[in-house]
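Breakdown of the fold
One-letter residues, chain by chain:
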Amino acid sequence: MKLLLLFVCIGLSSAQFNPNTRAGRTTIVHLFEWRWDDIAAECERFLGPNGFGGVQVSPVNDHIVLNDPWRPWWQRYQPISYKLCSRSGNEQQFRDMVTRCNNVGVYIYVDAIINHMCGQGGGTGTHSSCGSYFNAGARDFPSVPYSNWDFNDGKCRTGSGEIENYNDAYQVRDCRLVGLLDLALEKDYVRGKIADFLNNLINIGVAGFRLDAAKHMWPGDIKAITDRLNNLNTRWFPGGTRPFIFQEVIDLGGEGISFNEYTGIGRVTEFKYGARLGNIIRKWNGEKLSYVRNWGEGWGFMSSNRALVFVDNHDNQRGHGAGGASILTFWDARLYKMGVGFMLAHPYGFARIMSSFRWNRNFVNGKVRLSFCLKLITQLLPP
Ligand code: QV4
Ligand code: CA
């Protein structure tokens with residue numbers, strides 16, 4: 001009996017590393033900013049027939065709506081409540097997508113923002129994607145509800161209340177990341193609200209979660225939340241299946257926080273993968289393809305069965321977050337295809353590919369880039 005219990009426990013705890021994809025399906029695709037109706041059609045028309053394992057979708061929940069710049073993609077990383085509406089679609093459309101994708105064996109992974117709510121300068125009103133009232137200054141989010149008791153303002157010890165030094169693990173976890181109101185995740189009440197949000201998605205039929213900004217949450221708090229999650233919906237998954245968890249931790253080395261602190265909870269994004277692969281394919285620093293002979297752990301990456309790998313992500317393809325200049329993106333189409341091909345062929349880690357959109361690089365946050373202005377002026381000047 002004791003042995004049986006031990007096996008059950010091991011089974012339960014190890015399952016969060018398993019992406020839950022169907023047999024033979026080894027890759028998911030991030031359909032960044034896609035609409036739920038379009039993803040449903042894509043699952044049936046292309047992803048299912050071509051053997052894709054699943055889709056990482058953009059944040060599903062209620063978020064702030066910004067005017068300056070006008071409706072930027074990153075407004076979706078500023079939650080207002082856990083209702084399900086955004087420009088990708090409403091709750092009914094989300095449910096319909098999950099059902100239709102699951103039915104063709106393509107599973108849905110939700111980008112979950114649970115470290116924070118909107119920016120402290122988010123103002124007050126009903127400018128949220130679901131039209132919910134909130135007051136960022138007063139830390140009041142009645143649609144959850146959260147109040148000023150539920151945030152880390154009293155705990156953070158930097159003068160500004162912001163993360164000032166990434167070598168101080170306390171700041172990174174307890175202070176605000178770019179002004180985003182930091183949730184007090186040690187509180188049972190807050191953990192409960194987050195677990196309810198994620199369990200609602202599990203019951204609808206999703207297969208797992210990307211945990212946004214995991215580096216900014218204490219591993220013990222994340223564990224307490226994932227321990228409260230339901231098993232997956234048995235309409236599509238075997239009884240007792242745990243949700244797949246992959247945590248966004250940017251560890252390129254040299255900071256106070258290491259990926260190691262998170263690999264016990266679920267998989268972790270291996271950011272070194274894309275950065276180093278970019279160096280090789282661009283032939284920077286005299287690097288050669290033959291160097292990949294011991295690609296993976298031999299390069300100081302985390303163990304293969306803990307890694308979520310990608311060539312680029314939605315941040316580092318457009319200069320957000322960390323990553324470095326070497327990252328390959330669709331702007332270098334030939335090199336990018338080589339990088340993605342290499343990743344799909346190589347057995348290290350669980351792979352995610354990127355489906356993004358093109359944008360005008362002469363504008364930044366709605367404003368014309370200075371270098372573009374200067375170029376225009378020199379072109380207009382007489383020779
Ligand atoms: C601004 C100032 C701050 C100031 C604040 C005052 O920059 O110094 O304190 O105003 O209110 C946007 C703006 C940012 C603004 C902030 C709050 O870009 O300038 O702060 O909003 O109003 C995305 C974008 C961010 C965006 C954020 C929220 O990338 O630019 O911030 O959404 O809308 C680190 C982390 C890592 C993180 C990465 C970007 O370790 O976890 O930075 N990556 C994830 C997501 C990413 C997302 C977040 C985390 C936040 O992949 O897309 O940030 O949810 O490396
Ligand atoms: Ca935090």
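Looking up the protein in an unreviewed UniProt entry gives the name Alpha-amylase, with the organism given as Pelobates cultripes. Its UniProt record, at the heading Catalytic activity (unreviewed entry), says of the protein: "Endohydrolysis of (1->4)-alpha-D-glucosidic linkages in polysaccharides containing three or more (1->4)-alpha-linked D-glucose units."

1. Re the coordination of the calcium ion (ligand 2)
Looking at the calcium ion (ligand 2), the protein donor atoms are Asn115 (OD1), Arg173 (O), Asp182 (OD), Asp182 (OD) and His216 (O), and they sit 2.4 to 2.6 Å from it. For Arg173, a relative accessible area of 2% puts it in the buried group. For Asp182, a relative accessible area of 3% gives the class buried.

2. Structural notes on the sheet that holds strand E8 (residues 208-211)
Ordered in space as E1-E2-E3-E8-E9-E10-E11-E12, the eight strands form a closed barrel in which the pairing is parallel. For this sheet the average axis-to-axis angle between neighbouring strands, irrespective of direction, equals 30 degrees. Sheet topology places strand E1 (residues 27-31) next to strand E12 (residues 350-355); five bridges connect them, and they run parallel. Paired with Leu31 across the two strands is Ser355, which belongs to E12. Together, E1 and strand E2 (54-57) form the strand contacts of helix H2 (residues 36-47), whose direction differs from that of E2 by roughly 160 degrees. With respect to the sheet, helix H3 (residues 91-103) is in contact with E2 and strand E3 (107-112), its orientation differing from that of E3 by roughly 140 degrees.

3. Some details on helix H7 (residues 271-281)
Side chains three or four residues apart in an α-helix point the same way, a direct result of the helix having 3.6 residues per turn. Burial of H7 is extensive: ten of the eleven residues sit out of reach of the surface. By the burial criterion, the buried members of H7 are Phe271, Lys272, Tyr273, Gly274, Ala275, Leu277, Gly278, Asn279, Ile280 and Ile281. For H7, the elements touching its buried residues are strand E10 (267-269), strand E11 (307-309) and helix H8 (333-345). Regarding H7, its N-cap is Glu270, as a side-chain oxygen of that residue lies 3.0 Å from the backbone nitrogen of Lys272 further along. Remark: Lys283 follows H7 within two positions and exhibits a positive phi of approximately 60 degrees.

4. Things to note about a nonpolar patch on the surface
Together, Leu370, Leu374, Ile377 and Leu381 make up a nonpolar patch on the protein surface, roughly 420 Å² of accessible area in all. Summarising the element assignment, Ile377 is placed in helix H9 (residues 370-380). Residue Ile377 is classed as partly exposed on the basis of its relative accessible area of 48%.

Cut-off values and rules
- Residues numbered from 1 in each chain as written.
- Chains lettered and ligands numbered in written order.
- Predicted model: local features only at pLDDT ≥ 70, side-chain atom pairs only at ≥ 80, totals over all residues.
- Heavy atoms only, no water.
- UniProt positions renumbered as here; feature names shortened; annotations may be inferred.
- Donors = N, O, S within 2.8 Å, 3.2 Å for Na, K, Ca; no water.
- Buried < 20%, exposed > 50% of the residue type's maximum accessible area, 1.4 Å probe, protein only.
- Pairing = 2+ DSSP bridges.
- Helix = DSSP H or I, 4+ residues; strand = E, 2+ residues; numbered from the N terminus.
- Axes fitted to C-alpha atoms, helices over the stretch in contact; angles between N-to-C directions.
- Contact = heavy atoms within 4.5 Å.
- Polar contact = N/O pair within 3.5 Å; in protein donor to acceptor, adjacent residues only side chain to side chain.
- Patch = residues over 30% accessible without salt bridge, like charges linked within 9 Å, V, L, I, M, F, W, Y side chains within 5 Å.
- Areas by Shrake-Rupley, 256 points an atom, 1.4 Å probe, with all protein chains shown as cover.
- Salt bridge = Lys/Arg side-chain N within 4 Å of Asp/Glu carboxyl O.

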